[in-house]
Amino acid sequence: MKIKRILAWINRASRYAEEVYNAPYRAAIARARREEDDLFMLLVFSEMMGVPNPASYYTLELQPLLLERFHDWHKRMGMEHSPLDHFRCC
């Protein structure tokens, strides 16, 4: 019984130490992930914006899945209105 309590305490201490170690890097990791997602959105919707995309055959089926996030993406990229002529989200 006492060994289980000691192991539980060590497990909690380990998780706490991991959180303390990772805390300074959370913002950098979140920013890198956001930039990666922005690049992916640009790749998926580039053909619709007039930018030639060699992978459009593969990214075309992803467009309906990413339309929910499209508004937030184009606002974050500094575009006041949707850059797509046939798609108005604002």
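Residues numbered from 1 in each chain as written. Predicted model: local features only at pLDDT ≥ 70, side-chain atom pairs only at ≥ 80, totals over all residues. Heavy atoms only, no water.

A. Just the overall build of the chain, in detail. A count of helical and extended segments in the chain gives four helices and zero strands. In the chain, the succession of α and β elements from N to C terminus is α-α-α-α. The C-alpha atoms of the chain give 21 Å as radius of gyration, which overshoots the globular expectation for 90 residues (12 Å, by more than 25%). Projected onto its principal axes, the C-alpha coordinates of the chain cover approximately 65 × 25 × 20 Å. Among the 90 residues that make up the chain, the fraction classed as buried is 16%. When contacts within the chain are restricted to residue pairs at least 6 apart in sequence, long-range pairs at least 24 apart make up 32% of them. When the accessible surface of the chain is totalled, it reaches about 7600 Å², and 60% of it is carbon and sulfur. Averaging the positions of the 13 positive and the 12 negative side-chain charges in the chain gives two centres separated by 18 Å. (Helix = DSSP H or I, 4+ residues; strand = E, 2+ residues; numbered from the N terminus. Rg over C-alpha atoms; globule rule 2.2 N^0.38 Å. Buried < 20%, exposed > 50% of the residue type's maximum accessible area, 1.4 Å probe, protein only. Contact = heavy atoms within 4.5 Å. Areas by Shrake-Rupley, 256 points an atom, 1.4 Å probe, with all protein chains shown as cover. Lys, Arg positive; Asp, Glu negative; His and termini not counted. Charge placed at Lys NZ, Arg CZ, Asp CG, Glu CD.)

B. Here's a closer look at the side chain of serine 46. Residue position: serine 46 is located in the loop between α2 (26-45) and α3 (56-59). Using a relative accessible area of 5% as the deciding quantity, one classes serine 46 as buried. In this structure the side chain of serine 46 is engaged in a polar contact, spanning 3.2 Å, whose partner is the backbone oxygen of leucine 43. There is a polar contact of 3.4 Å between the side chain of serine 46 and the side chain of asparagine 53. Excluding its chain neighbours within four sequence positions, the residues that come into contact with serine 46 are Val51 and Asn53. (Polar contact = N/O pair within 3.5 Å; in protein donor to acceptor, adjacent residues only side chain to side chain.)

C. Structural detail: the side chain of aspartate 38. Looking at the element boundaries, aspartate 38 is found in helix α2. Aspartate 38 gets classed as buried once you look at its relative accessible area, which sits at 11%. With residues near it in sequence (within four places) discarded, aspartate 38 still touches Trp73, Arg76 and Met77.

D. Expanded view of α2. Along its 20 residues, α2 runs 28 Å from first to last C-alpha, staying within 8% of the 28 Å computed at 1.5 Å per residue. Inspection of α2 places Asp38, Met41, Val44 and Phe45 among the buried residues, and these make up the whole buried set. Buried residues of α2, seen end-on, are gathered within an arc of 125° and therefore sit on one face of the element. Within α2, the exposed residues directed more than 90 degrees away from the buried face are Ile29, Glu35, Glu36 and Leu39. Buried residues along α2 sit against α3 and α4 (63-76). (Expected span 1.5 Å × (residues − 1). Arc of directions from axis to C-beta.)

E. Up close: the nonpolar core. Core analysis: the biggest nonpolar cluster contains six residues, these being Met41, Val44, Phe45, Leu66, Phe70 and Trp73. Among the elements of the structure, α2 and α4 are those that each provide at least two residues to this core. Beyond its immediate sequence surroundings of up to four residues, methionine 41 is in contact with Leu66, Arg69, Phe70 and Trp73. (Core = buried A, V, L, I, M, F, W, Y, C linked by side-chain atoms within 4.5 Å.)

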